[in-house]
Amino acid sequence: MDALTECAAGRASGNLLALAVECARARCSVEEITEAMGKVFGRHVASDRLVSGAYKVHPKEAFQPVHTVQFTKCAVHVYLTCHFTE
């Protein structure tokens, strides 16, 4: 778990997904793995704000690539949820 947190923080090199899978194989729960990465990335907090003007800009103009860390975090969660739930 510490290696996962250190890698997420950028203080150690490695692959977050591989480390998360290694933690899961060591019988860590999804919550424990999420908490280890949450120490670095924080947690999503839902908001109920009204969105307006969503269709004012053409989608191709508004597109911005997903940040690699955010994508990796999401991919790890999906992978672990699909493959390691009891």
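The model shown is predicted, which means the values in this text are computed figures rather than measured ones. (Residues numbered from 1 in each chain as written. Predicted model: local features only at pLDDT ≥ 70, side-chain atom pairs only at ≥ 80, totals over all residues. Heavy atoms only, no water.)

Approximately 260 Å³ is the volume attributed to the largest pocket. Together, 15 residues line the largest pocket, and Thr 34, Gly 42, Arg 43, Lys 73 and His 77 are the ones closest to its centre. Contributing elements (two or more residues each) for the lining of the largest pocket: helix H3 (30-41) and helix H5 (68-83). By residue number, the principal contributor to the lining of the largest pocket is H3, which donates seven residues. (1 Å grid on protein atoms, 1.4 Å probe; cavity = no way out; pocket = protein on both sides within 12 Å on 5 of 7 lines; lining within 4 Å. Points joined across faces, edges and corners; volume = space filled by probe spheres on them. Helix = DSSP H or I, 4+ residues; strand = E, 2+ residues; numbered from the N terminus.)

This paragraph deals with the state of the cysteines. Applying the stated criterion to the full structure yields zero disulfides. The closest cysteine sulfur to the non-disulfide-bonded Cys 28 is located on Cys 23, 4.8 Å from its own sulfur. Overall, the relative accessible area of 21% leaves Cys 28 in the partly exposed class. (Disulfide = S-S within 2.5 Å. Buried < 20%, exposed > 50% of the residue type's maximum accessible area, 1.4 Å probe, protein only.)

Another point: the packing of helix H1 (residues 2-9) against helix H2 (residues 16-25). Between H1 and H2, the least distance of the axes is 9 Å, while the angle of their chain directions is 165 degrees. On the basis of their axis angle, the class for H1 and H2 is roughly antiparallel. As H1 packs across H2, the resulting crossing turns out to be left-handed. Here Ala 3, Leu 4, Cys 7 and Ala 8 of H1 come into contact with H2, specifically with Leu 16, Leu 19, Ala 20 and Cys 23. Looking at the contact of H1 with H2, its residues break down into eight nonpolar, no polar and no charged. (Axes fitted to C-alpha atoms, helices over the stretch in contact; angles between N-to-C directions. Parallel < 35°, antiparallel > 145°, perpendicular 65-115°, else oblique. Left-handed = near helix turned anticlockwise from the far one by under 90°. Contact = heavy atoms within 4.5 Å. Nonpolar A, V, L, I, M, F, W, Y, C, P; charged D, E, K, R; others polar.)

Relative to the helices and strands, Glu 6 resides in helix H1. For Glu 6 and Lys 39, which are 33 residues apart along the polypeptide, the C-alpha to C-alpha distance reads 9.9 Å. Setting aside residues no more than four positions away along its own chain, Glu 6 makes contact with Arg 11 and Ala 12.

No statement about biological role is implied by the geometric values presented.
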